[in-house]
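Structure at a glance
Read off the chains here:
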Amino acid sequence: MSMISGKTELTSASSVLRKYSATSRDKIKTLISKVQFETHVERRVETVLDRVETEGDVQQYERFLTLIKEEDYDDVEYLRIIRESKSCIPRLKPHFRAFVEVITGLNWLSRSPEVHQEYQSFIVDLLVAHNKYTNIVVSRLISFFVPKDDLATSWKHGKPSDEIKSKLETVHNLIHKLLDVIPMMFQILLQQISQWFPYHKKSSFIYGGFIYNLLWLTEYRQIYKEDILHLIVLKLLELDVSISRHEIEDAEDEEEDGEGLDGGAESMSLNASQVMKEFAEDEMRHPLAETLDIGLELIFEYIQKELETLKGNNLKKSEFFAIFMRIFETNILPTHNSHHVQFIIFYLCHFENTFLEILLDKLWFNARDFNLAPALRQASVGYLASILARARFIPFLLLRDFLAQLCDWAHQYIQRSDSVSNNSLKAHTVFYSICQAIFYIIAFRSRELTADKKGLIYLQSLQLSSLVTSHLNPLRVCLPAIATTFAGVTRAHQLAYCHTVLERNARRKLATVYSNDAQTPDECLETFFPFDPYLLKKSGGKIQDLYLQYQADDHHHEQHHDQLNSPEVGQKRQRLESFSTMNEEDDFIGMHEQKKRIRHLSKCFEDEIHLPLNGTVVKP
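What counts and what doesn't
- Residues numbered from 1 in each chain as written.
- Predicted model: local features only at pLDDT ≥ 70, side-chain atom pairs only at ≥ 80, totals over all residues.
- Heavy atoms only, no water.
- Helix = DSSP H or I, 4+ residues; strand = E, 2+ residues; numbered from the N terminus.
- Buried < 20%, exposed > 50% of the residue type's maximum accessible area, 1.4 Å probe, protein only.
- Contact = heavy atoms within 4.5 Å.
- Areas by Shrake-Rupley, 256 points an atom, 1.4 Å probe, with all protein chains shown as cover.
- Disulfide = S-S within 2.5 Å.
- 1 Å grid on protein atoms, 1.4 Å probe; cavity = no way out; pocket = protein on both sides within 12 Å on 5 of 7 lines; lining within 4 Å.
- Points joined across faces, edges and corners; volume = space filled by probe spheres on them.
- Core = buried A, V, L, I, M, F, W, Y, C linked by side-chain atoms within 4.5 Å.
- Polar contact = N/O pair within 3.5 Å; in protein donor to acceptor, adjacent residues only side chain to side chain.
- pLDDT = per-residue confidence, 0-100.

Below, the discussion takes up the overall build of the chain. Check the secondary structure of the chain and you find 33 helices and two strands. The burial tally for the chain puts 53% of its 620 residues in the buried class. For the chain, long-range pairs separated by at least 24 residues make up 77% of all intrachain contacts whose partners lie at least 6 apart in sequence. Counting only carbon and sulfur atoms, one obtains 51% of the accessible surface of the chain, whose full area is about 29,600 Å².

Quick look at the state of the cysteines now. Applying the stated rule across the entire model yields zero disulfides. Here Cys407 is not cross-linked by a disulfide; its sulfur's nearest cysteine counterpart is in Cys435, at 8.4 Å.

The subject of this paragraph is empty space enclosed by the protein. Under the counting rule described, the total for this entry stands at two cavities of 30 Å³ or more. Within this model, the second largest cavity holds a volume of roughly 30 Å³. Lining the second largest cavity, in full, are Gln378, Val381, Gly382, Ser433, Gln436, Ala437, Thr527 and Phe529. Counting residues per element, the ones that place at least two in the lining of the second largest cavity are helix H20 (374-390) and helix H22 (429-444).

With that out of the way, let us pick up the environment of Tyr207. Its place among the elements puts Tyr207 in helix H11 (residues 204-220). Spatially, the C-alpha atom of Tyr207 lies 8.4 Å from that of Pro147, the residues being 60 residues apart in sequence. Sequence-distant contacts of Tyr207, defined by excluding residues within four places in its chain, comprise Phe197, Pro198, Tyr199, His200, Lys235, Leu236, Leu239 and Thr291.

Moving on, we get to the nonpolar core. Ile345, Phe346, Ile438 and Phe439 are the most contacted members of the largest nonpolar core, which has 182 residues in total. The greatest single-element share of this core, amounting to 12 residues, is contributed by H22. Beyond its immediate chain neighbours, meaning those up to four positions away, Phe346 contacts Ile387, Arg390, Ala391, Phe393, Phe531, Ile543, Leu546 and Tyr547.

All right, on to the side chain of Arg91 then. Turning to its location among the elements, Arg91 is positioned in the loop between helix H5 (75-87) and helix H6 (97-104). A polar contact is formed between the side chain of Arg91 and the side chain of Glu53, at a distance of 2.9 Å. Setting aside its immediate chain neighbours within four residues, Arg91 contacts Glu46, Leu49, Asp50, Glu53 and Phe96.

Moving on to the confidence of the model for the chain. Mean pLDDT over the chain stands at 81; residues scoring 70 or higher make up 76%. Long-range and interchain partners of residues 1-18, a stretch whose pLDDT sits below 50, account for 31 contacts in this model, where long-range means more than four residues apart. Of the regions scoring below 50 in pLDDT, residues 31-43 engages in 19 contacts with residues more than four places distant in sequence or in other chains.

Now the structure itself:
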């Protein structure tokens with residue numbers, strides 16, 4: 001029976017962490033040698049523990065722990081302590097928790113292979129005998145997943161040097177052994193991973209290094225793959241939504257803009273340390289964008305490696321894709337205003353047409369499911385339209401099939417709706433989203449869809465004219481860049497005449513403004529296309545060959561010329577609408593210089609400057 005009273009609690013952190021001077025340590029060593037270590041050398045730890053239990057000698061016990069923590073032992077002495085501790089495992093009840101914390105926290109990873117082996121043996125035996133210490137041990141092990149602040153050169157792009165990787169292999173081997181003997185340990189492991197996950201503003205190599213270790217863990221514990229990937233994607237999403245596209249573009253343009261400033265004074269005022277820093281060619285200038293870039297590059301490489309390993313095993317590949325589909329539906333699809341993480345599913349789909357068909361079918365099912373929230377249905381339509389427009393790997397027949405299904409649904413919806421019923425945006429959000437998806441896909445894929453006579457016959461079969469002239473008037477709520485580009489395509493190929501509708505809509509907007517003597521906001525779809533241009537450099541190397549950039553046809557430029565000469569567009573309100581969406585739909589403009597001018601939009605309107613789409617500035 002223990003003789004320790006409540007006043008002499010052994011787990012007191014303050015006493016264990018107390019520092020002693022060199023003189024005090026020498027006295028302690030002498031005292032321990034004379035009083036406690038009179039027995040055989042291999043019984044020293046046991047003697048200290050025994051004195052605590054039999055005599056309640058807590059003071060000497062705490063001094064002993066402090067000495068172990070502060071002393072810089074060689075490998076021989078370290079081995080002796082570990083072996084002595086191992087022989088005392090049956091006695092390490094909860095009141096010796098402080099001793100366990102000290103022993104498990106010793107710096108063992110930088111020592112000899114013999115020390116590694118002895119330490120691992122001690123840890124396995126300890127947790128088998130006392131599972132209450134699992135939390136302590138797992139926390140110690142996961143802490144090695146976080147790269148040290150002074151090891152940036154050893155972690156290039158979130159990947160360790162050979163020396164660091166060799167040490168980490170020892171840690172992963174120990175985790176692997178513990179999971180074999182303590183299967184229920186994983187819940188604690190996942191909890192500790194969440195707690196140790198670096199804050200997103202930490203250095204990019206620290207954040208990337210942690211993700212690297214988590215992906216490594218999934219390689220030898222396949223059963224926990226989904227939980228770990230779920231956590232990684234969730235953390236990357238949090239990082240992604242915290243950075244706007246404008247911030248990334250501004251940071252990338254900062255160097256170019258700074259070169260044109262007199263003396264560089266204004267550039268220096270932005271962020272002196274960032275401007276002075278020399279960036280590698282593939283390094284993002286925005287620190288959080290660089291962190292996100294490293295994380296996504298690790299994910300893309302992981303996906304490629306896993307699918308290469310599973311080559312020929314269709315069942316395992318399907319299971320692997322199913323994991324990411326569940327992550328997509330749970331985390332990515334409901335997230336608003338993410339810019340890059342969704343490209344995980346985009347990248348994954350290019351490996352197998354089966355993957356692509358599963359994703360498209362699921363998105364189309366969601367869009368038609370009246371049991372889902374309208375916001376989720378609208379997001380599904382946005383994803384469907386964006387991947388059909390942007391993915392180079394979409395089979396042409398599959399593209400035409402889904403476009404036909406979208407049009408059929410829209411026509412059926414118009415037939416079911418009452419011409420005198422409420423035609424507000426809120427009442428028909430999904431319908432308007434699907435119509436905008438149709439216009440977006442046709443505008444984006446016009447070259448392929450109109451390449452031959454068969455393509456034109458196919459487009460004529462979609463009855464686009466009856467769609468745009470219906471009583472629900474879908475062009476009224478579409479983003480202006482999409483509506484005008486679609487109008488140019490349909491006019492050039494005599495598929496529909498949208499300009500009459502667009503001009504009538506413009507007149508109605510102006511009439512509303514003048515009648516109310518105020519500029520009231522018009523209804524316009526708050527839509528984002530998730531696969532807009534990818535801005536990250538390193539991970540972007542995996543995307544660029546799979547991604548279709550918008551290229552305007554001749555009829556597109558003619559449409560812009562007509563738009564500029566239109567009296568309605570000449571009105572100040574119409575210019576405001578056009579330019580307010582231009583930055584979001586810059587892929588329809590296709591000019592890098594235009595982006596910079598749009599950032600100074602407010603000044604342009606104050607000076608009554610009109611910025612035509614051909615890139616020149618003209619005073620009215």
